[in-house]
Amino acid sequence: MNKILFSIALLLLTNTAQAERIKDIASIAGVRSNQLVGYGLVTGLDKTGDKTKFTGQSLRSMMGKLGLTLPPDTDPKSKNVALVSIHADLPAFAKPGQKIDVTVSSIGDAKSLRGGSLLMSPLRGADGNVYAVAQGNLVVGGLSASGQDGSKITVNNPLVGRVPNGATVERIVPSSFDQSAELVFNLNSSDFTTAQRMADSINKALGAETAQAVDATSVSVRAPVNPNQRVGFASVIENLELAPDDAPAKVIVNSRTGTVIINSKVRVQPAAVSHGSLTVTISENPQVSQPNPLSGGSTVVTPQSNVSVNEDKNHMFVFNPGVSLDEIVQAVNGVGAGPSDLVAILEALKSAGALRAELIVI
């Protein structure tokens, strides 16, 4: 009998919520990272670079900026160079001169970036301004090797690498942290109950009417105007603890992998479930008819098929009112349901109005 082969989240089996710091469940509005992107050239490759024309054009442009002008009819087809895209995250409050990591990805038809060096490349934000400049040696975790007969072995991805501390910040991103008389904390997961509990926790620690819940996501807190005091004030609030409310009852099904996740708030109303399946087996056993010697006949192959039908003798089971996650799992395990069978049972319970949870298929 097959058991259920899927992952069930059992991290929320206890009814008592754990106290968590505000900094772990919320973030300050306006304090965020920004995405940077650019493109550049990786040199020093061992004949694993690009063969495309636009790589040659980029190389010609770069060499022209450095004072070396190539003849107009010359196409620098260097296999040691690859055109790459570069992206990075600029942390909040990053200052000029600080270092950030960058990720480099091949754009052309290079075979590998292993052993290459990224040349100086500007990284721009969504507004088009340059906020950092990247340069350095790549760390590539992938490896690719091929033979003359066409055989090839690839380990991980050799076309993507990183340059630790490979970009230098050149421009400050303006922040709204000290631009208003209030700090707004945004919950990572919207919930009215958790937002109200956060406001109550802040008011209990810092005084009545210090904080108020704006909606299911945001809590507004009156803060000092002085930047030095505001930093200490934000630190105090971030370390306050509260018990977030439990998530709504949900059953999440990944139809591609067969993964089913059921949280502890899922309940089932009275329902009877019968699970069974038919197994049809068809086997071919061709028979060969051989004529007698000198009879003038020919050998004939006669098909012979054996068809058998087997039905599993699984029993019906009944869900009592308000059964818990444990009982659901034990009941479905008892009839030997697999992942696809479990999904069918849950969908049928939802259609019957017996499943008290939101069923999400991803």
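A. Fine view of the overall build of the chain. Within the chain, the secondary structure is distributed over six helices and 25 strands. Here the chain holds 362 residues, and 33% of them are scored as buried. In the structure as shown, the chain presents an accessible area of about 21800 Å², 52% of it carried by carbon and sulfur atoms.

B. Expanded view of the pairing of strand 7 (residues 130–137). Bridging between strand 6 (residues 117–124) and strand 7 involves six bridges; their strand directions are antiparallel. Bridging across to strand 7, Ser117 finds its partner in Asn137. With antiparallel pairing between neighbouring strands as the criterion, strand 6 and strand 7 make up a hairpin whose turn holds five residues, including Gly128 at a positive phi of roughly 90°.

C. Inspection of the nonpolar core at higher detail. Grouped together as the largest cluster of nonpolar side chains are 24 residues, with contacts concentrated most on Val104 and Leu123. Those elements giving two or more residues to this core turn out to be strand 3 (34–43), strand 4 (82–90), strand 5 (99–106), strand 6, strand 7 and strand 10 (160–169). Of all the elements, strand 4 adds the most residues to this core, at five residues. For Leu123, the residues in contact, after removing those within four places along its chain, are Leu36, Val37, Gly38, Ile86, Ala88, Val102, Asn129, Val130, Tyr131, Ala132, Ala134 and Ala167. Ile22, Phe177, Val221 and Phe233 belong to the second largest nonpolar core, which has 21 residues in total.

D. Inspection of the packing of aromatic side chains at higher detail. All chains considered together, the criterion is met by one aromatic pair. Seen in terms of ring centroids, Phe93 and Phe177 are 5.9 Å apart; in terms of plane orientation they differ by 80°. Their pairing is edge-to-face. Of this pair, Phe93 sits in the loop between strand 4 and strand 5 while Phe177 sits in the loop between strand 10 and strand 11 (182–187), and the two are 84 residues apart along the sequence. The ring of Phe177 carries the charged tip of Arg230 above its face, separated from the ring centre by 6.0 Å.

Analysis parameters
- Each chain has its residues counted from 1, following the order in which its sequence is written.
- This being a predicted model, a pLDDT of at least 70 is required before a residue's local features are given, and a value of 80 or more before pairs of side-chain atoms are given or counted; all residues contribute to the totals for chains, interfaces and linings.
- Only heavy atoms go into the side-chain values, all of them from the structure, while hydrogens and water stay out.
- Think of it this way: any DSSP run of H or I at least four residues long counts as a helix, any run of E at least two long counts as a strand, and we number them from the N terminus.
- Here the term buried applies to any residue with accessible area under 20% of the maximum for its type, exposed to any over 50%, and partly exposed to those in between, with areas from a 1.4 Å probe on protein chains only.
- Residue exposure ignores everything except the shown protein chains as possible cover, and the areas themselves are Shrake-Rupley values with a 1.4 Å probe.
- By this definition, two strands are paired if DSSP reports at least two bridges between them.
- The definition of a nonpolar core used throughout is a set of buried Ala, Val, Leu, Ile, Met, Phe, Trp, Tyr and Cys residues joined through side-chain atoms within 4.5 Å.
- Note on contacts: a residue pair qualifies if any of its non-hydrogen atoms lie within 4.5 Å across the two residues.
- Stacked, edge-to-face and tilted are the three classes for Phe, Tyr and Trp ring pairs, Trp counted by its six-membered ring, which pair at centre distances within 6.5 Å; planes under 30 degrees apart are stacked, over 60 edge-to-face, the rest tilted.
- Look at NZ for Lys and CZ for Arg. If either is within 6 Å of the ring centre and within 35 degrees of the ring normal, a charge sits over the ring.

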